[in-house]
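These are the residues of each chain, in order.
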Amino acid sequence: MSSPIAPAIIAPEEKLVFVSSCKLPMPWATFELHAFYDEVSGKEHLALSLGEVGDGQPVLGRVHSECLTGDALFSQRCDCGAQLEAALKKIAKEGRGVLFYLRQEGRGIGLLNKIRAYHLQDQGADTVEANERLGFPADMRRYTIVLPMLAHLKITSLRLMTNNPRKVKALEDSGITVAERIALIANHNPFNIGYLGTKARKLGHLLPGMGKVEEAPEKTPLDAHDNE
């Protein structure tokens, strides 16, 4: 797929092309929406910024992987949609920040395979086991996608909203300064307790009280997507 867009801003292993920006009024503030085309995957990625983010000071930020079921369909099998809304609210309250929306559904396996993973989870598999039974690694996402986006916005340091230490390490290994990690706990409910427990036990997420085996009953519905 070719794209009639301006020259790419290139970071190691990534080729993202900036497309355009526009104002995006949201319930909490009017953000600036920046669109990028990913020449590696052929997908589009977005950045939502608010205020002056290119002044060299650490920026309150969130790197959010797409979750159609949670972000748009209000699924209670995960905490993704609630985290997305909470992050945008925090940025709006501060009056300055950025949210990167990366098209990496289901930890990179895609929407259709995510639904297949749901089916396996309904039969008792957890979120990691389901991906692996379909022949995928537990996590296929590329956090380096954000490098050209950060460069475009002139952001060099983040105060990162995440519960995932691996995400912090991935960004720091890519040369991005993470000045602070800010917990983002949202929407713990009876439908996602097993999913959250799996994230804590198998993926190392910092979710207080969620790492115990007894808190992840086999028949609790789980979500294939791990947005963190």
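What comes next is a walk through the structure. For clarity, every value in this text was computed on a predicted model and none was experimentally measured. (Residues numbered from 1 in each chain as written. Predicted model: local features only at pLDDT ≥ 70, side-chain atom pairs only at ≥ 80, totals over all residues. Heavy atoms only, no water.)

1. Quick word on the pairing of strand S8 (residues 177–182)
Working step 1: Pairing analysis gives five bridges linking strand S7 (residues 157–161) to S8, with the strands arranged parallel. The partner of Met161 across the bridge, within S8, is Ile182.
Working step 2: Each parallel crossover has a hand, and for S7 linked through helix H6 (residues 165–173) to S8 it is right-handed. (Pairing = 2+ DSSP bridges. Helix = DSSP H or I, 4+ residues; strand = E, 2+ residues; numbered from the N terminus. Right-handed = clockwise from strand over helix to strand, strands pointing away.)

2. What to know about the layout of surface pockets
Working step 1: In this structure, the largest pocket occupies an estimated 150 Å³ of space.
Working step 2: Considering the residues around the largest pocket, the lining is formed by 13 residues, among which Gly70, Asp71, Phe74, Gly81 and Ala82 are closest to the centre.
Working step 3: Within the residue set of the lining of the largest pocket, elements represented by two or more residues are helix H1 (68–72) and helix H2 (80–94).
Working step 4: Grouping the constituent residues of the lining of the largest pocket by class yields five nonpolar, five polar and three charged. (1 Å grid on protein atoms, 1.4 Å probe; cavity = no way out; pocket = protein on both sides within 12 Å on 5 of 7 lines; lining within 4 Å. Points joined across faces, edges and corners; volume = space filled by probe spheres on them. Nonpolar A, V, L, I, M, F, W, Y, C, P; charged D, E, K, R; others polar.)

3. With respect to the environment of Arg96
Working step 1: Within the secondary structure, Arg96 is located in the loop between H2 and strand S6 (97–102).
Working step 2: Arg96 has contacts with Leu50, Glu52, Val53, Asp55, Gln57, Pro58, Val59, Leu60 and Ile91, leaving out every residue within four places of it along the chain.
Working step 3: Polar contacts involving the side chain of Arg96 include one to the main-chain carbonyl oxygen of Gln57, which spans 3.1 Å. (Contact = heavy atoms within 4.5 Å. Polar contact = N/O pair within 3.5 Å; in protein donor to acceptor, adjacent residues only side chain to side chain.)

Honestly, that's just the spatial picture; any functional story needs more than this.
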